[in-house]
Amino acid sequence: MALQDYRKAFLDIYERLYSYYGPQGWWPGRTRFEVIVGAILTQNTAWTNVEKAIGNIGKARLLSPAALKKIPYKDLARLIRPAGYYNIKAKRLKNFMRYLFSRYGGSLDRVSRRPTGDLRKELLSVNGIGPETCDSILLYAFGRPVFVVDAYTKRIFSRHRFFSENADYHVAQALFMDTLAHEPGMFNEYHALIVALGKEYCRKRPRCDDCPLKGFKSA
DNA sequence: GACCAGGCACATC
DNA sequence: GATGTGCATGGT
């Protein structure tokens, strides 16, 4: 299959999802900082649980870099308990705060002036930030044209035979980024639409009969 | 009560 | 380099 064919298929799927679901208005977070916190908390976790955790942080007036840096790890873990894996996630948030303050004095504005490639390397070097979390931050917190691959992306597109279910993250990502225009707005919607579709139809027990992609001619 | 969710790091072979 | 395992709450 040639790149041109992937491009056509990916655009076709995008159109179908967009006309079915409409604009998703992602990320569900008010500030850049909240997006980053959410990106870490949602690792392998239902968003409804993340909302509770972020709600707790907000109620404690801690949804800012300075406040989150100050709070003891143990207290943070207690606040984010509803998001699951709370010990390890508290550690990951703290790792990010250490990076943010040691390199940028806690200023996300300063971070936002960095080139995407450098920023990506830096974020990936933080223990607890892997490829998906990193790219979610780049796209949704900093508006960079990066395609986010997640479990739903792999599940949906492997079922339609574009790549294998256990394809390497960057292989899958490259397929989208080598074929689609690098427009942050479109990448933003595309990933959000994939998640919308995934949540409704492509959990471990798929409901392919009513899927909006039903009848799509796969690769 | 089993199964699953918008991953990641680390151990072991 | 590939494969397995721990991390954990809350909804279905």
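Bear in mind the structure is a predicted one, so any value in this text is a computation, not a measurement. (Residues numbered from 1 in each chain as written. Chains lettered and ligands numbered in written order. Predicted model: local features only at pLDDT ≥ 70, side-chain atom pairs only at ≥ 80, totals over all residues.)

Digging into the overall build of chain A
Along its length, chain A carries twelve helices and zero strands. Secondary structure of chain A in N-to-C order comes out as α-α-α-α-α-α-α-α-α-α-α-α. What you see for chain A is a C-alpha radius of gyration of 18 Å, in line with the 17 Å of a compact globule of 219 residues. If one aligns the C-alpha atoms of chain A with their principal axes, the spans along those axes are about 55 × 35 × 30 Å. Out of the 219 residues belonging to chain A, those deemed buried represent 30%. A fraction of 63% describes how many contacts in chain A between residues 6 or more apart in sequence connect residues 24 or more apart. (Helix = DSSP H or I, 4+ residues; strand = E, 2+ residues; numbered from the N terminus. Rg over C-alpha atoms; globule rule 2.2 N^0.38 Å. Buried ≥ 20, exposed ≤ 12 C-beta atoms within 10 Å, placed from the backbone. Contact = placed C-beta atoms within 7 Å.)

Side note on helix α10 (residues 151–159)
All of the buried residues along α10 are Thr153, Lys154, Ile156 and Phe157. Against the buried residues of α10 lie α11 (169–177) and α12 (184–201). Note on α10: the residue one or two positions beyond its end, Arg161, has a positive phi of about 65 degrees.

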